[in-house]
Amino acid sequence: MEEGRPTARSRVTLSRIMSAVDVNLYGTVHGGVLMKFVDDVAGASAARHSGGTAVTAAIDEIVFLEPVRVGDLVHAYAQVNWAGSSSMEVGVRLTAERWDAEEPTPIPVATAYLVFVGIDVAGRPRKVPPVLPGDREDQRRFQEAMIRRDHRLARRTAIQKARAESDNDE
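What you are looking at is a predicted structure, and each value in this text was computed from that prediction instead of being measured.

> What exactly am I supposed to notice about helix 2 (residues 136-169) here?
An α-helical turn contains 3.6 residues, so a residue and the one three or four places further along point in the same direction. Counted at 1.5 Å a residue, the expected span for helix 2 with its 34 residues is 50 Å, and the 50 Å between its end C-alpha atoms agrees. Taken together, the buried positions of helix 2 are occupied by Asp138, Phe142, Ala145, Arg148 and Arg152. Along its buried surface, helix 2 packs onto strand 3 (54-64), strand 4 (73-83), strand 5 (87-97), strand 6 (107-118) and strand 7 (131-132). The N-cap of helix 2, judged by a side-chain oxygen 3.2 Å from the amide nitrogen of Glu137 a few residues on, is Asp135.

> Explain the environment of Asp60 here, please?
Along the chain, Asp60 falls in strand 3. Linking Asp60 and Arg93, residues 33 residues apart in sequence, is a C-alpha distance of 14 Å. Apart from the residues within four sequence positions on either side, Asp60 is in contact with Tyr113, Leu114, Arg148, Arg152 and Arg155. Side chain to side chain, Asp60 and Arg152 meet in a polar contact 3.2 Å long.

> Where do I start with the pattern of salt bridges in this structure?
For side chains of opposite charge, pairing can occur when their charged atoms come near one another. Scanning the entire structure with this criterion turns up 11 salt bridges. Here Asp60 ties to Arg152 by a salt bridge, and the two come within 3.2 Å at their closest N and O atoms. Note that Asp60 is positioned in strand 3 and Arg152 in helix 2, a separation of 92 residues in sequence. A residue is classified by how much of its surface remains accessible, and Asp60, at 23% relative accessible area, is partly exposed. For Arg152, a relative accessible area of 14% translates into the label buried. Notably, a salt bridge pairs Glu137 with Arg141, separated by 3.5 Å at the nearest N-O pair. Highlighted residues: Glu137 and Arg141, both in helix 2, separated by 4 residues, approximately one helical turn. On the basis of relative accessibility, which here comes to 35%, the residue Glu137 falls in the partly exposed class. You can call Arg141 partly exposed: its relative accessible area is 23%.

> What is the right way to look at the packing of aromatic side chains in this model?
Centre distance and the angle of the planes are the two values used to describe a pair of aromatic rings. As enumerated under the stated definition, the model contains 0 aromatic pairs in all. The ring of Tyr113 has Arg148 lying over it, and the distance from NZ or CZ to the ring centre is 3.6 Å.

> Would you take a moment to explain the side chain of Arg98 for this structure?
On the secondary structure map, Arg98 appears in the loop between strand 5 and strand 6. Within the local environment of Arg98, its side chain forms a polar contact with the side chain of Asp72, the two groups lying 2.4 Å apart. If sequence neighbours within four positions are ignored, Arg98 has contacts with Glu66, Pro67, Val68, Arg69, Asp72, Pro104 and Ile107.

> Just checking my understanding: could you explain the sheet that holds strand 6 for this structure?
Strand pairs in the sheet, formed through backbone hydrogen bonds, run parallel or antiparallel to each other. Reading across the sheet, the 5 strands line up as 2-4-5-6-3 and stay open at both edges, with antiparallel pairing between neighbours. Strands with a single pairing partner mark the edges of an open sheet, and in this sheet they are strand 2 (12-17) and strand 3. Taken over all neighbouring pairs, the strand axes of this sheet differ in orientation by 20° on average, direction set aside. Here strand 4 runs beside strand 5; their pairing, made up of 10 bridges, is antiparallel. For Ala76, the partnering residue across the bridge sits in strand 5 and is Leu94. Its contacts with the sheet put helix 2 on strand 3, strand 4, strand 5 and strand 6, and the angle it makes with strand 4 is roughly 75°.

Thresholds applied
- Residues numbered from 1 in each chain as written.
- Predicted model: local features only at pLDDT ≥ 70, side-chain atom pairs only at ≥ 80, totals over all residues.
- Heavy atoms only, no water.
- Helix = DSSP H or I, 4+ residues; strand = E, 2+ residues; numbered from the N terminus.
- Expected span 1.5 Å × (residues − 1).
- Buried < 20%, exposed > 50% of the residue type's maximum accessible area, 1.4 Å probe, protein only.
- Contact = heavy atoms within 4.5 Å.
- Polar contact = N/O pair within 3.5 Å; in protein donor to acceptor, adjacent residues only side chain to side chain.
- Salt bridge = Lys/Arg side-chain N within 4 Å of Asp/Glu carboxyl O.
- Phe/Tyr/Trp six-rings, centres within 6.5 Å; stacked < 30°, edge-to-face > 60°.
- Lys NZ or Arg CZ within 6 Å of the ring centre and 35° of its normal.
- Pairing = 2+ DSSP bridges.
- Axes fitted to C-alpha atoms, helices over the stretch in contact; angles between N-to-C directions.

Written out as C-alpha coordinates, the structure reads:
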(Lines give C-alpha, C1' and ligand atoms only; values in the text may rest on other atoms or scores of the structure.)
Protein backbone atom coordinates (compact mmCIF):
# COMPACT_ATOMS: atom_id res chain seq x y z
CA MET A 1 0.00 0.00 0.00
CA GLU A 2 1.24 3.45 -0.89
CA GLU A 3 2.06 5.95 1.82
CA GLY A 4 -0.80 8.17 0.67
CA ARG A 5 -2.23 10.01 -2.31
CA PRO A 6 -2.66 13.75 -2.72
CA THR A 7 -6.17 15.13 -2.79
CA ALA A 8 -5.58 16.52 -6.26
CA ARG A 9 -5.18 12.99 -7.67
CA SER A 10 -8.81 12.19 -6.88
CA ARG A 11 -10.31 15.26 -8.52
CA VAL A 12 -12.84 14.50 -11.26
CA THR A 13 -15.08 16.78 -13.33
CA LEU A 14 -18.06 15.59 -15.36
CA SER A 15 -20.34 17.81 -17.41
CA ARG A 16 -23.66 17.23 -19.14
CA ILE A 17 -26.46 19.16 -20.76
CA MET A 18 -29.81 18.55 -19.10
CA SER A 19 -32.56 17.44 -21.47
CA ALA A 20 -36.34 17.11 -21.53
CA VAL A 21 -36.15 13.50 -20.27
CA ASP A 22 -34.56 14.81 -17.03
CA VAL A 23 -37.48 16.98 -15.88
CA ASN A 24 -39.95 16.47 -13.06
CA LEU A 25 -43.60 17.53 -12.88
CA TYR A 26 -42.56 21.12 -12.14
CA GLY A 27 -40.53 21.49 -15.34
CA THR A 28 -37.14 21.54 -13.62
CA VAL A 29 -34.54 18.78 -13.57
CA HIS A 30 -35.56 15.96 -11.24
CA GLY A 31 -33.56 15.75 -8.01
CA GLY A 32 -33.00 12.05 -8.64
CA VAL A 33 -31.26 12.82 -11.94
CA LEU A 34 -28.92 15.18 -10.11
CA MET A 35 -28.39 12.62 -7.35
CA LYS A 36 -27.31 10.01 -9.91
CA PHE A 37 -24.96 12.55 -11.48
CA VAL A 38 -23.51 13.25 -8.01
CA ASP A 39 -23.06 9.51 -7.37
CA ASP A 40 -21.41 9.00 -10.78
CA VAL A 41 -18.80 11.72 -10.29
CA ALA A 42 -18.19 10.71 -6.66
CA GLY A 43 -17.70 7.08 -7.71
CA ALA A 44 -15.15 8.08 -10.33
CA SER A 45 -13.28 10.14 -7.74
CA ALA A 46 -13.30 7.31 -5.17
CA ALA A 47 -12.10 4.79 -7.77
CA ARG A 48 -9.34 7.16 -8.88
CA HIS A 49 -8.14 7.67 -5.30
CA SER A 50 -8.40 4.04 -4.24
CA GLY A 51 -6.97 2.59 -7.43
CA GLY A 52 -9.83 0.16 -7.96
CA THR A 53 -13.49 -0.53 -7.46
CA ALA A 54 -15.33 1.56 -4.88
CA VAL A 55 -19.03 1.39 -4.04
CA THR A 56 -21.42 3.88 -2.47
CA ALA A 57 -21.94 3.11 1.21
CA ALA A 58 -23.88 6.23 2.18
CA ILE A 59 -24.98 9.63 1.04
CA ASP A 60 -24.17 11.70 4.07
CA GLU A 61 -25.76 14.90 2.84
CA ILE A 62 -27.08 16.49 -0.32
CA VAL A 63 -28.29 20.06 -0.50
CA PHE A 64 -30.07 21.50 -3.53
CA LEU A 65 -29.40 25.22 -3.78
CA GLU A 66 -31.03 26.26 -7.07
CA PRO A 67 -33.29 24.54 -9.60
CA VAL A 68 -31.69 23.20 -12.77
CA ARG A 69 -33.53 23.66 -16.05
CA VAL A 70 -33.61 21.88 -19.38
CA GLY A 71 -30.70 23.06 -21.52
CA ASP A 72 -28.48 23.98 -18.56
CA LEU A 73 -24.91 22.73 -18.78
CA VAL A 74 -24.24 21.15 -15.39
CA HIS A 75 -20.71 20.55 -14.11
CA ALA A 76 -20.02 18.10 -11.29
CA TYR A 77 -16.76 18.44 -9.36
CA ALA A 78 -15.65 15.74 -6.90
CA GLN A 79 -12.66 14.92 -4.74
CA VAL A 80 -11.85 12.54 -1.91
CA ASN A 81 -11.69 14.64 1.26
CA TRP A 82 -10.72 11.92 3.73
CA ALA A 83 -9.91 8.21 3.74
CA GLY A 84 -9.88 5.63 6.52
CA SER A 85 -8.77 2.03 6.21
CA SER A 86 -11.35 1.08 3.55
CA SER A 87 -13.79 4.00 3.42
CA MET A 88 -13.54 7.43 1.83
CA GLU A 89 -15.58 10.61 2.02
CA VAL A 90 -16.10 12.29 -1.34
CA GLY A 91 -17.24 15.89 -1.59
CA VAL A 92 -19.23 16.96 -4.67
CA ARG A 93 -20.20 20.38 -5.97
CA LEU A 94 -22.60 20.97 -8.87
CA THR A 95 -22.75 24.18 -10.87
CA ALA A 96 -24.95 25.10 -13.82
CA GLU A 97 -24.46 27.37 -16.78
CA ARG A 98 -27.85 28.67 -17.91
CA TRP A 99 -28.35 27.98 -21.60
CA ASP A 100 -30.24 31.24 -22.10
CA ALA A 101 -27.80 33.55 -20.30
CA GLU A 102 -25.89 36.03 -22.43
CA GLU A 103 -22.72 35.31 -20.47
CA PRO A 104 -23.20 31.94 -18.78
CA THR A 105 -21.57 32.29 -15.38
CA PRO A 106 -21.73 29.00 -13.47
CA ILE A 107 -24.02 29.15 -10.44
CA PRO A 108 -23.88 26.70 -7.52
CA VAL A 109 -26.85 24.31 -7.66
CA ALA A 110 -26.00 21.50 -5.21
CA THR A 111 -23.44 20.13 -2.76
CA ALA A 112 -23.10 16.63 -1.39
CA TYR A 113 -20.96 14.35 0.76
CA LEU A 114 -20.87 10.62 0.08
CA VAL A 115 -19.11 7.68 1.70
CA PHE A 116 -17.53 5.05 -0.53
CA VAL A 117 -15.85 1.76 0.35
CA GLY A 118 -13.06 0.25 -1.68
CA ILE A 119 -13.83 -3.38 -2.48
CA ASP A 120 -11.80 -6.29 -3.84
CA VAL A 121 -12.82 -8.72 -6.60
CA ALA A 122 -14.79 -10.81 -4.08
CA GLY A 123 -16.78 -7.73 -2.99
CA ARG A 124 -15.09 -7.44 0.41
CA PRO A 125 -13.74 -4.16 1.80
CA ARG A 126 -10.11 -3.54 0.92
CA LYS A 127 -7.48 -1.10 2.15
CA VAL A 128 -7.40 2.30 0.48
CA PRO A 129 -4.53 4.80 0.63
CA PRO A 130 -4.77 7.71 3.03
CA VAL A 131 -5.45 11.22 1.74
CA LEU A 132 -2.62 13.72 1.69
CA PRO A 133 -4.32 17.14 1.77
CA GLY A 134 -2.55 19.73 -0.35
CA ASP A 135 -3.45 23.36 0.26
CA ARG A 136 -5.42 25.03 3.07
CA GLU A 137 -8.73 24.30 1.35
CA ASP A 138 -7.90 20.57 1.19
CA GLN A 139 -6.85 20.63 4.85
CA ARG A 140 -10.14 22.31 5.80
CA ARG A 141 -12.10 19.70 3.85
CA PHE A 142 -10.10 16.93 5.53
CA GLN A 143 -10.86 18.29 9.02
CA GLU A 144 -14.56 18.77 8.26
CA ALA A 145 -14.75 15.23 6.82
CA MET A 146 -13.39 13.86 10.10
CA ILE A 147 -16.10 15.78 11.99
CA ARG A 148 -18.80 14.31 9.71
CA ARG A 149 -17.32 10.82 10.23
CA ASP A 150 -17.38 11.26 14.02
CA HIS A 151 -21.04 12.35 13.80
CA ARG A 152 -21.96 9.32 11.65
CA LEU A 153 -20.31 6.95 14.13
CA ALA A 154 -21.88 8.67 17.16
CA ARG A 155 -25.32 8.55 15.50
CA ARG A 156 -24.90 4.85 14.73
CA THR A 157 -23.82 4.11 18.32
CA ALA A 158 -26.74 6.10 19.78
CA ILE A 159 -29.26 4.30 17.55
CA GLN A 160 -27.83 0.89 18.43
CA LYS A 161 -27.99 1.78 22.13
CA ALA A 162 -31.61 2.96 21.83
CA ARG A 163 -32.60 -0.22 19.99
CA ALA A 164 -30.92 -2.39 22.60
CA GLU A 165 -32.75 -0.52 25.38
CA SER A 166 -36.02 -0.84 23.49
CA ASP A 167 -35.48 -4.59 23.06
CA ASN A 168 -34.79 -4.92 26.80
CA ASP A 169 -38.09 -3.15 27.61
CA GLU A 170 -40.16 -5.75 25.75
